[in-house]
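# Notes for the structure review
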Amino acid sequence: MKYRIYTWCVFLVFTITTYAQKKNNAYKLHIKKTTIPVKIDGIGDDAAWQGADEAKDFFRVLPMDDGLADEQTVIKMTYDEKNLYLLATFYNATKANYFVESLRRDFSFGKNDNFLLFLDPFNNQTTGFSFGSNAYGAQWDGTMFNGSSIDLNWDSKWISEVTRDDDKWVFEMAVPFKSIRYGEGVTEWGINFSRLDLKSSEKSSWTPIPRQFPTAALAYTGTLVWDAPPPPPGTNFSIIPYVLGEVNRDLEADGDAKTNGKIGGDVKFSLTSSLNLDLTVNPDFSQVEVDRQITNLDRFELFFPERRQFFLENGDLFANFGYDNIRPFFSRRIGLGVPIQAGARISGNLNGKWRLGIMDMQTASVSESGLPSQNFGVLSLQRKVFGRSSIGFMFVNKQSINYPQENDSINNLYARYNRNFGMEYNLASTNNLWSGKAFFLKSFAPDDIGNGVTQGAHITYNSRKWNWSVKEEWVGEKYTAEVGYVPRRGYVNLSSKLGHVFFPKSGSIVSHGPEFNISYFFNEAFRQTDHLAYMVYQFDFRTRSSLMFFLSDDYVELLSPFDPTRLGLESLAVGTKHQWNAFGWEYESKPQSLFTYAFAGRLGGYYENGNRTSLTADLGYRFQPYVSLNASFNYNHIDLPSPWNQNEFWLIGAEADITFTNKLFFANLFQYNEQTKNLNVNSRLQWRYSPASDLFLVYTNNYFIEPFEGRNWGLTLKFTYWLNN
């Protein structure tokens, strides 16, 4: 049966693909070269802007895509031999204060008055770059993938300025051609502009976009028409060295404070105008933002996203193969508790059709545990087909160096090597209504137990009023991905959803509607082991606040022992069956208020005929634009029979984000987790003294909750500088 479902999904994925021309191809902005200097001051009175073509008459996208925007915008662009320039003027039909969270880079889109530029230099409607700013000048930049997704972890060198008055705000920027990738000789790029104006609750776009899609959707870009091919960037060579000093102490081991110095860095070299070579030696990620802790009451491993800069540019080539719960490659497996010695990566576009990603990382051995040094190699190749769809191939290899056969503690079936090979087809229709995926993966290991397969397929339809999808996945019991993320094996899953949206003609509610979801799990003999069915009803208000209710039905047959409290108490036995129902809600306040809040709750059953109550609150207050305060609370009460009895878990987080300027940031995070008995404090001072160059001072401290005593602490001073030709 699963093979028939797979064949049917693949058939649908291939047969519904269309070849139509890009939807908004008629929207064109002509860009002309200037020989007059452009001063980036947020005023825009330079002679270079006189006579520049204008993009204006923006369309409303939200709350309804029903005509021209009330808050109008005018965009101008020009260029010279080194830079691409943009001048944007945002007029205020509605008179009110501007709304921003802070001056922090890569701000939250929905909580700031902002402008975003979306560039598709290859006109492939799939990949590109995004730049922008909020109304107080905080910068935004990221790489684009999957047609509308944006990775904000990417950083590049560019400058911008913002000015404001009651009638308008003005954004002016210069992006060096060396900071982006594009094909030589190409005179047409995909382009679009988006504005979010919170005082009027209006989101608008230069080109018309259906409201169910983000304004970042590259399928709906217009065209930037160059008067001549943009100048080739030439040889682009950057060296980004760092030097750090740190002091730390492991109190659990009764160790003394230790000091350490470290140097290393990255090298970036443009092989072509669109293909980049990255090298790293002795990398350090001490300044990376810490993970947000989660109370884990699930049977499987939690997923935490990659935040390390080296792995992020063109990261979709490596990280997006498969599904969220079936990843053959997950870069956080590299350097897990061991130092990375060096790494190399080639990534980018070979041409308008082909994308390539090659990565090789080498870790050191750990004498204390006997873990050998290991090499991690990844090859990803992607070919655009039809309008916006693609076919991808991936190979992942983990290889131990000088594998110690005599060491029983690590001499297991997979330590010597683990390999994965896979291929997938990604559907993206030209009108964005249809999307889908079909993939197949095969693992290889020294023993037959590690040689397995997995495959999955789904198809999704998303119109203004209707959305639905069907999905199936099969993960074999023998499938292994040691450099991936596959928390569950030996199952077949069939799932689907159906949703509808209603649009009242008037009133405070802009849209509302139900969505039905169902998911069944079977073992490989096709005997049911789990199911989850739930109905959601969503209300979206014109103020951009939202309310959601849900009802759910769960059934679980345990396939391995499980402690429902995760406190190390007694485990429920394999084969025991559990069923419960639950009711829940979520409310999020409007982002325009200085005080914002969100509440969520879940009431219902749990394992062993027990009950679980979960309550969550998020509170925020800002002294804009300099200080943003946030607090989050998660409370779980579990009532079970003996030996678990009643248990309570508190998870508390508090953040103080202070942005003195748009170049000097002080972020503080406090986390209290009763389930893991840990209290964590992390403070990070960052000074961006030059574009893409930083000075970091990072302090972290971990404590035991019971008894309250220190675990470990550290203080790091790190200096990075971006040198380029």
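Please read these numbers as outputs of a predicted model, since none were measured by experiment. (Residues numbered from 1 in each chain as written. Predicted model: local features only at pLDDT ≥ 70, side-chain atom pairs only at ≥ 80, totals over all residues. Heavy atoms only, no water.)

## Some words on the pairing of strand β27 (residues 509-522)
Alignment of strand β26 (residues 491-500) against β27, held across eight bridges, turns out to be antiparallel. Along β27, the bridge assignment pairs Leu-494 with Tyr-520. Sheet topology places β27 next to strand β28 (residues 528-541); 13 bridges connect them, and they run antiparallel. By the bridge assignment for β28, Tyr-520 is matched with His-531. In textbook terms, the turn of a hairpin is the stretch between consecutive antiparallel strands, and for β27 and β28 this stretch comprises five residues, one of which, Phe-526, has a positive phi near 65 degrees. (Pairing = 2+ DSSP bridges. Helix = DSSP H or I, 4+ residues; strand = E, 2+ residues; numbered from the N terminus.)

## Describing the confidence of the model for the protein
Looking at the protein, the pLDDT average stands at 90 and 95% of residues meet or exceed 70. Across residues 1-18, confidence stays below pLDDT 50; counting only partners more than four residues off in sequence or on other chains, it has 33 contacts. (pLDDT = per-residue confidence, 0-100. Contact = heavy atoms within 4.5 Å.)

## So, the pattern of salt bridges
Counted by the stated rule, this structure contains 31 salt bridges. One salt bridge in this structure joins Asp-530 and Arg-299, with 2.7 Å as the shortest N-O distance. One end of the pair, Asp-530, is in strand β28; the other, Arg-299, is in the loop between β17 (275-281) and α2 (316-319), with 231 residues separating them in the sequence. On the basis of relative accessible area, Asp-530 is assigned to the buried category, the value being 3%. (Salt bridge = Lys/Arg side-chain N within 4 Å of Asp/Glu carboxyl O. Buried < 20%, exposed > 50% of the residue type's maximum accessible area, 1.4 Å probe, protein only.)

## Topic: empty space enclosed by the protein
For the coordinates displayed, the defined rule picks out three cavities of 30 Å³ or more. Lining the second largest cavity we find 16 residues, and of these Thr-127, Gly-128, Phe-129, Asn-314 and Asn-349 sit closest to its centre. Elements supplying a minimum of two residues to the lining of the second largest cavity: β7 (128-134), β8 (139-145) and β18 (340-349). Among the residues making up the lining of the second largest cavity, the classes are represented as four nonpolar, eight polar and four charged. (1 Å grid on protein atoms, 1.4 Å probe; cavity = no way out; pocket = protein on both sides within 12 Å on 5 of 7 lines; lining within 4 Å. Points joined across faces, edges and corners; volume = space filled by probe spheres on them. Nonpolar A, V, L, I, M, F, W, Y, C, P; charged D, E, K, R; others polar.)

## A few points about the nonpolar core
Met-77, Leu-86, Phe-115, Phe-131, Phe-171 and Phe-193 are the most contacted members of the largest nonpolar core, which has 35 residues in total. Ignoring sequence-local partners within four residues, the contact set of Phe-131 consists of Phe-115, Leu-116, Leu-117, Leu-119, Trp-140, Asp-141, Trp-154, Trp-158, Met-173, Val-175 and Ile-180. Phe-311, Val-378, Val-486 and Phe-521 belong to the second-largest nonpolar core, a separate cluster that totals 25 residues. (Core = buried A, V, L, I, M, F, W, Y, C linked by side-chain atoms within 4.5 Å.)

## Side note on the packing of aromatic side chains
Scanning all chains against the criterion turns up 46 aromatic pairs. Between Tyr-79 and Trp-226 the ring centres are 4.9 Å apart and the planes differ by 70 degrees, which places this aromatic pair in the edge-to-face class. Taken together, the residues span a long stretch of sequence, with Tyr-79 in strand β4 (residues 73-79) and Trp-226 in strand β14 (residues 222-226) at a distance of 147 residues. Each member of the pair, Tyr-79 as well as Trp-226, is classed as buried. When the centroid spacing of 5.3 Å and the interplanar angle of 55 degrees are considered together, the rings of Phe-562 and Tyr-607 count as tilted. Of this pair, Phe-562 sits in the loop between β29 (546-557) and β30 (577-588) while Tyr-607 sits in the loop between β31 (595-606) and β32 (610-623), and the two are 45 residues apart along the sequence. Here Phe-562 falls in the buried class, since its relative accessible area comes to 6%. (Phe/Tyr/Trp six-rings, centres within 6.5 Å; stacked < 30°, edge-to-face > 60°.)

## Details of the environment of Lys-437
With respect to the helices and strands, the residue Lys-437 is situated in strand β23 (residues 434-444). Sequence separation between Lys-437 and Phe-516 is 79 residues; the distance between their C-alpha atoms is 21 Å. Not counting residues up to four positions away in its chain, the partners in contact with Lys-437 are Asn-320, Phe-321, Gly-322, Tyr-323, Glu-424, Tyr-425, Asn-426, Gly-456, Ala-457 and His-458.

## With respect to the layout of surface pockets
Computed from the structure, the largest pocket encloses a volume of approximately 1,700 Å³. Residue lining of the largest pocket: 50 residues in total, with Asp-284, Phe-285, Ser-286, Gly-335 and Gly-337 positioned closest to the centre. Mapped by element, the contributors of at least two residues to the lining of the largest pocket are β15 (237-250), β16 (258-270), β35 (664-673), β36 (678-690), β37 (693-704) and β38 (709-720). Broken down by class, the residue content of the lining of the largest pocket amounts to 16 nonpolar, 20 polar and 14 charged.

## Some remarks on unusual backbone geometry
Each neighbour pair has its own omega, and for Leu-62 with Pro-63 the value is 5 degrees, a cis peptide bond. Looking at the secondary structure, you find Pro-63 in the loop between β3 (59-62) and β4. In this structure, the amide linkage connecting Glu-706 to the following residue, Pro-707, adopts the cis form with an omega of -10 degrees. Mapped onto the elements of the fold, Pro-707 is located in the loop between β37 and β38. Despite not being glycine, Arg-566 has its phi angle at roughly 55 degrees, a positive value. Tracing the backbone through its elements, the reader meets Arg-566 in the loop between β29 and β30. By relative accessible area, Arg-566 is classed as partly exposed at 34%.

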